[in-house]
Amino acid sequence: MSEIDGILPDDALKMYLDERRREVSEATLNSHEYRLNHFVQWMKETPDIEETDDLTGRKLHEFKMWRRKGGELNNVSMHTQLSTLRVFIQFLERIDAVHSNLHESIDIPSLNGDDQRSSLVAKERADAIESYLERYEYASMNHIIFRILWRTGMRIGTMVSLDVSDYNRAERKLHVRHREETPLKKQEGGERIIALNGHTCSILDDWIDDVRPNVTDEHGREPLVCTDTDRASTSTLRRHVYRLTQPCLYTECPHDTNPDDCETAGYTNKPSGCPSIRPPHDIRRGAITHFLSQNDIPIEAIRDRSDVSEGVLEDHYDVRSEDEKAEQRREHFSKE
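Just so you know, these numbers come straight off a predicted model, no measurement behind them.

J.: Before we go on, may I ask you to explain the overall build of the chain in this structure?
T.: Regarding its fold elements, the chain presents 13 helices and three strands. Across the 336 residues that make up the chain, the buried fraction comes to 46%.

If you want it as structure tokens, here you go:
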């Protein structure tokens, strides 16, 4: 068994960052440094911790409680913070600066269940996904799925219902229709016309003209989004969304895993494995939240475009902080 030789907190962080600098992007490195600075600060302020070999499972639990309370972090943020800390502790184990297997005592909160009610695909993440698709998978099935979900905030079941004939090229509109074989959640009440911007229409045009398989479903209809053999089902669309929201598709893995060695990378029907996977509803929530953050979009337009009542908008989709809402009101009323 190797002898443990502790080092000072600042030295430990410097060694870790120097090691990772050759493996990850500068943006990822900066993110790790930002998160771990909190841990280093806590170590330096804790009386009975001088060097890394003073760390124990109990101490790491105390840090978790300190970080949650001091940062007012939800489980999604805590998951990210503690995942980075675990990687840091594993590095210290490799250089014999902490006791072996110490990282196993870090209890990372799950992102399943109620904790994901407040999770969403933020605009910055959506922009990164769209940039990747625009460059490497233009007018592909993935491109169509993400572009329509993000730009309209529609439900995944609504996307399943769309036919090629529902797209009006000349008027740049999608007509959402309730049909018996592809029902909408609110049936006829969910029917609406969605205006699209020019670039979204260009992508749709190229998908329909050059890429979309020549498929007719069992009812003689031409689905807008389809596989090589049939209309894309909700499970098929969900599987594509899981892949699209894995960061390794378009940036560095935030979980410090080589995608070539990762068993959870790629397409999956299960929202497990990769901690960063997001379900389709998180795209809807992110899109609607982004719409709400734009001062020039009336609430009625968001309600009608995404087929959601104002009460549900406020209770389930609006995740803006009170400060963000106040600043947005300031900006709006300053124009009066």
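J.: Would you mind showing me how to read helix H6 (residues 141–152) here?
T.: Since one α-helical turn is 3.6 residues long, residues separated by three or four positions face the same way. An ideal rise of 1.5 Å per residue puts 16 Å on 12 residues; H6 measures up with 17 Å between its terminal C-alpha atoms. Within H6, 11 of the 12 residues are buried, which leaves it mostly tucked inside the rest of the structure. Those residues of H6 lying buried are Met 141, Asn 142, His 143, Ile 144, Ile 145, Phe 146, Arg 147, Ile 148, Leu 149, Trp 150 and Thr 152. Downstream of H6 by one or two residues, Gly 153 has phi in the positive range, about 70 degrees.

J.: I tried to follow the pairing of strand S3 (residues 192–195) on my own but got confused; where do I start?
T.: When a strand is regular, its side chains alternate between the sheet's two faces. Here S3 shows a clear split, with Arg 192 and Ile 194 buried on one side and none of Ile 193 and Ala 195 buried on the other. The sheet contact formed by strand S2 (residues 173–176) and S3 spans four bridges and is antiparallel. Residue pairing in the sheet places His 175 in a bridge with Ile 193 of S3.

J.: How do you make sense of the side chain of Arg 125 when you look at a structure like this?
T.: Within the secondary structure, Arg 125 is located in helix H5 (residues 123–136). We note that Arg 125 is buried and unpaired, the nearest opposite charge coming from Asp 282 at a distance of 6.9 Å. Other than its neighbours up to four places away in sequence, Arg 125 contacts Thr 245, Pro 247, Tyr 250, Ser 276 and Arg 278.

J.: Would you take a moment to explain the pattern of salt bridges for this structure?
T.: As a working rule, side chains carrying opposite charge can pair if their charged atoms are close by. Following the criterion strictly, the structure yields 24 salt bridges and no others. Here Arg 179 makes a salt bridge to Asp 166, at a shortest N to O gap of 2.8 Å. Residue Arg 179 is found in the loop between S2 and S3, and its partner Asp 166 is found in the loop between helix H7 (156–161) and strand S1 (167–168); the two are separated by 13 residues along the sequence. Members of the salt-bridge network, linked through shared partners, are Asp 163, Asp 166, Arg 177, Arg 179, Glu 181, Asp 217, Arg 221 and Arg 231.

J.: Before we go on, may I ask you to explain the packing of H6 against helix H10 (residues 280–292) in this structure?
T.: Pairs of packed helices are described in terms of their axes, by the angle between the two and the distance that separates them. Where H6 meets H10, the axes come as close as 7 Å, and the angle between the chain directions of the two elements is 45 degrees. By the angle between their directions, the pair H6 and H10 is classed as oblique. Together, Phe 146, Leu 149, Trp 150, Arg 151 and Thr 152 of H6 and Ile 283, Gly 286, Ala 287, His 290 and Phe 291 of H10 make up the contact between the two elements. When its residues are assigned to classes, the contact of H6 with H10 shows six nonpolar, three polar and one charged.

J.: Got a minute to help me understand the nonpolar core in this structure?
T.: Among the nonpolar cores identified, the biggest contains 43 residues, and Leu 174, Leu 224 and Val 225 are the most heavily contacted of them. Where this core is concerned, the elements lending two or more residues are H5, H6, H7, S2, helix H8 (198–211), helix H9 (234–244) and H10. Broken down by element, this core gets its largest block of residues, seven residues, from H6. Apart from the residues within four sequence positions on either side, Val 225 is in contact with Met 141, Ile 144, Ile 145, Met 159, Trp 207, Arg 231, Ala 232 and Leu 237. In terms of nonpolar packing, the next biggest core, distinct from the first, is built from 28 residues, Ile 7, Leu 17, Trp 42 and Phe 63 among them.

J.: How should I be thinking about the sheet that holds S3 in this particular structure?
T.: In a beta sheet, neighbouring strands are held together by backbone hydrogen bonds and run either parallel or antiparallel to one another. One open sheet holds the three strands; their spatial order is S1-S2-S3, and the pairing between them is antiparallel. Only two strands of the sheet have a single neighbouring strand rather than two, namely S1 and S3. As paired elements, S1 and S2 share two bridges and run antiparallel to each other. In the strand pairing of S2, Tyr 167 is matched with Leu 174.

Conventions and cut-offs
- Residues numbered from 1 in each chain as written.
- Predicted model: local features only at pLDDT ≥ 70, side-chain atom pairs only at ≥ 80, totals over all residues.
- Heavy atoms only, no water.
- Helix = DSSP H or I, 4+ residues; strand = E, 2+ residues; numbered from the N terminus.
- Buried < 20%, exposed > 50% of the residue type's maximum accessible area, 1.4 Å probe, protein only.
- Expected span 1.5 Å × (residues − 1).
- Pairing = 2+ DSSP bridges.
- Lys, Arg positive; Asp, Glu negative; His and termini not counted.
- Salt bridge = Lys/Arg side-chain N within 4 Å of Asp/Glu carboxyl O.
- Contact = heavy atoms within 4.5 Å.
- Axes fitted to C-alpha atoms, helices over the stretch in contact; angles between N-to-C directions.
- Parallel < 35°, antiparallel > 145°, perpendicular 65-115°, else oblique.
- Nonpolar A, V, L, I, M, F, W, Y, C, P; charged D, E, K, R; others polar.
- Core = buried A, V, L, I, M, F, W, Y, C linked by side-chain atoms within 4.5 Å.

That is the geometry; function is a separate question.
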